[in-house]
Amino acid sequence: MYFLLFLPFKKIRRHHGGIFSLFINILTVIVELTMLVNRIKVAYPILLVLGGLALSFSPKLPTIVIDPNWVLLIFLPPLLYADAWALSLKELWKWRRIIFSFAFIVVFITAAVIAWVANMVLPYAIKQSLYGIILFLSFMV
């Protein structure tokens with residue numbers, strides 16, 4: 001957790017106890033929420049998101065803004081790595097139809113619904129610019 005002190009923060013409003021004590025306090029809250037999750041048998045991301053939401057409304061906490069590009073680089077790989085060790089290949093093979101249906105069919109349906117709503121709601125000029133952005137991004141991939 002000590003590496004978080006060196007993250008490329010865009011802005012940190014000064015905290016009266018210092019950055020280190022802020023991270024120790026947040027780490028303590030995370031550990032307490034994780035222990036609570038084990039007691040009440042709820043998926044831990046749900047309670048951690050609710051705890052983070054509750055902490056965000058605290059007026060005495062400093063404002064921390066992190067560059068969004070760093071969030072995917074620093075927080076996503078440990079989550080994927082931890083879940084990869086817990087993955088059972090038997091379970092993956094057993095649920096392959098459901099997994100692939102969500103991976104392809106649900107994503108396609110969601111994209112089609114969003115495109116239809118955008119087509120009905122957005123004015124013509126915005127639609128044309130969005131089509132240009134999508135075309136540009138498809139050529140980049």
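Fair warning: this is a prediction, and the values are worked out from it, not measured in the lab.

Asks: Residues and numbers for the overall build of the protein, please.
Replies: The number of helices and strands found in the protein is seven helices and two strands. Burial status across the protein gives 9% buried among its 141 residues. Across the protein, contacts joining residues at least 24 apart in sequence account for 55% of those joining residues at least 6 apart. Total accessible area computed for the protein in this model is approximately 12100 Å², and 75% of it derives from carbon and sulfur atoms.

Asks: Describe in detail the packing of aromatic side chains, supporting the description with residues and values.
Replies: In this structure the tally under the stated criterion is two aromatic pairs. Measuring from ring centre to ring centre gives 6.1 Å for Y81 and W85, while their planes differ by 80°; the resulting arrangement is edge-to-face. On the criterion of helical spacing, the pair formed by Y81 and W85 is a turn pair, its members being four residues apart in helix α4 (residues 76-86). Taking the relative accessible area as the measure of exposure, Y81 reaches 53% and is therefore exposed. Both rings, one in F100 and one in F104, keep their centres 6.2 Å apart while their planes meet at 15°; by these two values the pair is stacked. With F100 and F104 both in helix α6 (residues 96-121) and four residues apart, this pair spans about one turn of that helix. Taking the ring centre of W93 as reference, the NZ or CZ of R96 above it sits at 4.1 Å.

Asks: Tell me about the confidence of the model for the protein, and please be specific about residues and values.
Replies: Here the protein shows a mean pLDDT of 76. Residues at 70 or above account for 82%. Of all secondary-structure elements in the protein, the lowest mean pLDDT belongs to strand β1 (residues 9-12), at 49, while helix α5 (residues 89-94) reaches the highest, 88. A low-confidence stretch, residues 1-11 (pLDDT under 50), is modelled with 24 contacts involving residues beyond four sequence positions or located in other chains.

Calculation rules
Residues numbered from 1 in each chain as written. Predicted model: local features only at pLDDT ≥ 70, side-chain atom pairs only at ≥ 80, totals over all residues. Heavy atoms only, no water. Helix = DSSP H or I, 4+ residues; strand = E, 2+ residues; numbered from the N terminus. Buried < 20%, exposed > 50% of the residue type's maximum accessible area, 1.4 Å probe, protein only. Contact = heavy atoms within 4.5 Å. Areas by Shrake-Rupley, 256 points an atom, 1.4 Å probe, with all protein chains shown as cover. Phe/Tyr/Trp six-rings, centres within 6.5 Å; stacked < 30°, edge-to-face > 60°. Lys NZ or Arg CZ within 6 Å of the ring centre and 35° of its normal. pLDDT = per-residue confidence, 0-100.

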